[in-house]
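For reference, the chains in residue letters:
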Amino acid sequence: MDQRRYLDLIELDYARMRDTATRDLAAPVPHCPGWTTADLLKHVGDTFLHKVETMRGGTWPKPWPPGPDPKGPAAYLDRAMAELRGELASRQPEEQALTWYDPDQTVGFWARRMALETAVHRVDAELAAGEPIMPIPADLAVDGIDEILVTFLAFASRQWPEDFGEALTGADGRVVSITAGADRRLVRLAASGVEVARDGAPGEASISGAPQDVLLWLWRRADDATLTFDGDPELVRRLRDLLKEVTQ
């Protein structure tokens, strides 16, 4: 996906999230324990501004996060969105930018990350409001599945193995096959960390569904009823436990 596509999707999801969340700023957010929709808007605003300051300064901003905006969380989100929009529009995706993911130190990383951040939290706002979920485009959902498996889970499990030891103990290189539409990933669980590949033999367990449903399940925003499972349920449970370490 190119940067223009990411920017367009950020705009759509920001507008939908803001419109939905501001109807009741005290509504609890089901998959973010302790959060209201006001907290959700503050979190997304903090995230947008943190990335803007990171790209501008080339370092992680400190102290962080800023205090509450006296104009309220919606106004704060609007300001953060304006800053993010301007920053990403003024830069090329291949430009250097500090990120936490060692293999990709570019502005394009943040365009992708913010598009997926906004999509997932837009869904949070819809779930909090009890409203139907606006479809996540298939191209973004498939991209998001790759991001959470490779950029989040595989990278983090090797970078910070102490956080994943219990869920990976005894995994013995077993594989979960994840199919989203026509796209398939093979997720290998081992004590040394998670590996993700596109090619190889089917695993001991499989998960399949529409791209949006797979993405939301991986982000722990959807339950098992949305997908089809086969093979070893214990291996699926292990994967679900591992995802808890990298999703919020």
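Everything below is about the structure shown above.
Residues numbered from 1 in each chain as written. Predicted model: local features only at pLDDT ≥ 70, side-chain atom pairs only at ≥ 80, totals over all residues. Heavy atoms only, no water.

### A short note on the overall build of the protein
Working step 1: Across its full length, the protein carries eight helices and five strands.
Working step 2: The helix and strand sequence of the protein, counted from the amino end, reads α-α-α-α-α-α-β-β-β-β-α-β-α.
Working step 3: Taken against the 2.2 N^0.38 rule, which gives 18 Å for 248 residues, the C-alpha radius of gyration of the protein at 18 Å falls within 12% of a compact globule.
Working step 4: Along the longest, intermediate and shortest principal axes, the C-alpha atoms of the protein span 50 × 40 × 35 Å. (Helix = DSSP H or I, 4+ residues; strand = E, 2+ residues; numbered from the N terminus. Rg over C-alpha atoms; globule rule 2.2 N^0.38 Å.)

### Re unusual backbone geometry
Working step 1: Residue Pro-63 follows Lys-62 across a cis peptide bond; omega there is -5°.
Working step 2: With respect to the helices, strands and loops of the structure, Pro-63 is situated in the loop between helix 2 (37-57) and helix 3 (73-89).
Working step 3: Phi at Arg-220 is positive, roughly 60°, even though this residue is not glycine.
Working step 4: Mapped onto the elements, Arg-220 comes out in the loop between helix 7 (211-218) and strand 5 (228-231).

### Things to note about helix 8 (residues 233-244)
Working step 1: Here helix 8 contains 12 residues, and its C-alpha end-to-end distance of 17 Å stays within 8% of the 16 Å for a straight helix at 1.5 Å per residue.
Working step 2: Those residues of helix 8 lying buried are Leu-235, Val-236, Arg-238, Leu-239, Arg-240, Leu-242 and Leu-243.
Working step 3: One side-chain oxygen of the residue at the start of helix 8 lies 2.9 Å from the amide nitrogen of Glu-234, identifying that residue as Asp-232. (Expected span 1.5 Å × (residues − 1). Buried < 20%, exposed > 50% of the residue type's maximum accessible area, 1.4 Å probe, protein only. Polar contact = N/O pair within 3.5 Å; in protein donor to acceptor, adjacent residues only side chain to side chain.)

### Comments concerning the environment of Ala-141
Working step 1: Tracing the backbone through its elements, the reader meets Ala-141 in helix 5 (residues 138-159).
Working step 2: Taking the relative accessible area as the measure of exposure, Ala-141 reaches 0% and is therefore buried.
Working step 3: As for Ala-141 and Arg-188, which are separated by 47 residues in sequence, their C-alpha atoms are 21 Å apart.
Working step 4: Apart from the residues within four sequence positions on either side, Ala-141 is in contact with Ile-136, Pro-211, Gln-212 and Leu-215. (Contact = heavy atoms within 4.5 Å.)

### Structural notes on the environment of Ala-74
Working step 1: Structurally, Ala-74 can be placed in helix 3.
Working step 2: On the accessibility criterion, Ala-74 (14% relative accessible area) is buried.
Working step 3: Put simply, Ala-74 and Leu-25 are 49 residues apart on the chain and 9.3 Å apart in space, counted from C-alpha to C-alpha.
Working step 4: Sequence-distant contacts of Ala-74, that is, excluding residues within four places in its chain, are made with Arg-18, Thr-22 and Leu-41.

### Quick notes on the nonpolar core
Working step 1: By size, the foremost hydrophobic cluster in this structure holds 76 residues, and its most contacted members are Ile-178, Leu-218 and Leu-239.
Working step 2: The element contributing the most residues to this core is helix 4 (residues 107-129), with 12 residues.
Working step 3: Ignoring any residue separated from it by four or fewer positions in sequence, one finds Ile-178 in contact with Leu-149, Asp-183, Arg-184, Arg-185, Val-187, Ile-207, Val-214, Leu-218 and Leu-239. (Core = buried A, V, L, I, M, F, W, Y, C linked by side-chain atoms within 4.5 Å.)

### Some thoughts on the layout of surface pockets
Working step 1: Within this model, the largest pocket holds a volume of roughly 410 Å³.
Working step 2: Surrounding the largest pocket, 18 residues form its lining, His-43, Trp-100, Arg-113, Glu-117 and Phe-152 being those nearest its centre.
Working step 3: Among the secondary structure elements, those contributing two or more residues to the lining of the largest pocket are helix 2 and helix 4.
Working step 4: Taken together, the residues of the lining of the largest pocket sort by class into seven nonpolar, six polar and five charged.
Working step 5: Looking at the second largest pocket, the residues that line it are Pro-30, His-31, Pro-33, Trp-219, Arg-220, Arg-221, Lys-244, Thr-247 and Gln-248. (1 Å grid on protein atoms, 1.4 Å probe; cavity = no way out; pocket = protein on both sides within 12 Å on 5 of 7 lines; lining within 4 Å. Points joined across faces, edges and corners; volume = space filled by probe spheres on them. Nonpolar A, V, L, I, M, F, W, Y, C, P; charged D, E, K, R; others polar.)

### Points about the packing of aromatic side chains
What describes a pair of aromatic rings is the distance from one ring centre to the other and the angle between the planes of the rings.
Working step 1: What the rule picks out here adds up to 10 aromatic pairs.
Working step 2: Ring geometry for Phe-152 versus Trp-219: centroids 5.6 Å apart, planes at 75°, classification edge-to-face. Of the two residues, Phe-152 is situated in helix 5 and Trp-219 in the loop between helix 7 and strand 5; the sequence distance between them amounts to 67 residues. Trp-219 matches Phe-152 in its accessibility class, with the two residues each being buried.
Working step 3: Taken together, the aromatic side chains of Trp-100, Tyr-101, Phe-109, Trp-110, Phe-152, Phe-155, Trp-160 and Trp-219 make up a single cluster linked through ring pairs. (Phe/Tyr/Trp six-rings, centres within 6.5 Å; stacked < 30°, edge-to-face > 60°.)

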